[in-house]
Amino acid sequence: MVPGAVVTLCCCRGDAVVISGRKLARQIRQEARHEVEQWVAAGNRRRHLSVVLVGENPASRSYGLNKTKAAADVVLPEP
């Protein structure tokens, strides 16, 4: 999490708290992008994700593809 960042996640309904998963995910991706920018600006190598699938489980394939898409959304393109 970015120091000093403000987290706006929910609205209150009595004692219940309603959390917006999409807003939270968007905020987490934005913070991760910022951290990647700082990491690369500090002279470090850009990280990458490799996925190895073993077997033919469709759920595993879907999970791997979703993780690959999420990583591509956060990582900055090569200059």
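Look up a bit, the structure's there.
Small disclaimer: the values here were computed from a predicted structure and weren't measured.

Colleague: Mind laying out helix H2 (residues 58-74), listing which residues take part and the relevant values?
Modeller: Along an α-helix, a turn takes 3.6 residues, which lines up residues three or four apart on a common side. Here H2 is 17 residues long and its end C-alpha atoms lie 25 Å apart, about the 24 Å a rise of 1.5 Å per residue gives. Near the N-terminus of H2, the side chain that reaches the backbone nitrogen of Ala-59, with its oxygen 2.9 Å away, is that of Asn-57.

Colleague: Quick one: what's the story with the pattern of salt bridges, residue by residue and with numbers?
Modeller: Opposite charge on two side chains makes pairing possible when the charged atoms of those side chains draw close. Enumeration according to the criterion identifies two salt bridges in this entry. For Asp-73, the salt bridge goes to Arg-29, with nearest N and O atoms at 2.9 Å. Of the two residues, Asp-73 sits in helix H2 while Arg-29 sits in helix H1 (residues 21-41), which places them 44 residues apart along the sequence. Owing to a relative accessible area of 30%, Arg-29 belongs among the partly exposed residues under this scheme. Between Asp-73 and Arg-33 there is a salt bridge, and its shortest N-O distance comes to 3.2 Å. Of this pair, Asp-73 sits in helix H2 while Arg-33 is found in helix H1, placing the two residues 40 residues apart along the sequence.

Reading guide: rules and limits
Residues numbered from 1 in each chain as written. Predicted model: local features only at pLDDT ≥ 70, side-chain atom pairs only at ≥ 80, totals over all residues. Heavy atoms only, no water. Helix = DSSP H or I, 4+ residues; strand = E, 2+ residues; numbered from the N terminus. Expected span 1.5 Å × (residues − 1). Polar contact = N/O pair within 3.5 Å; in protein donor to acceptor, adjacent residues only side chain to side chain. Salt bridge = Lys/Arg side-chain N within 4 Å of Asp/Glu carboxyl O. Buried < 20%, exposed > 50% of the residue type's maximum accessible area, 1.4 Å probe, protein only.

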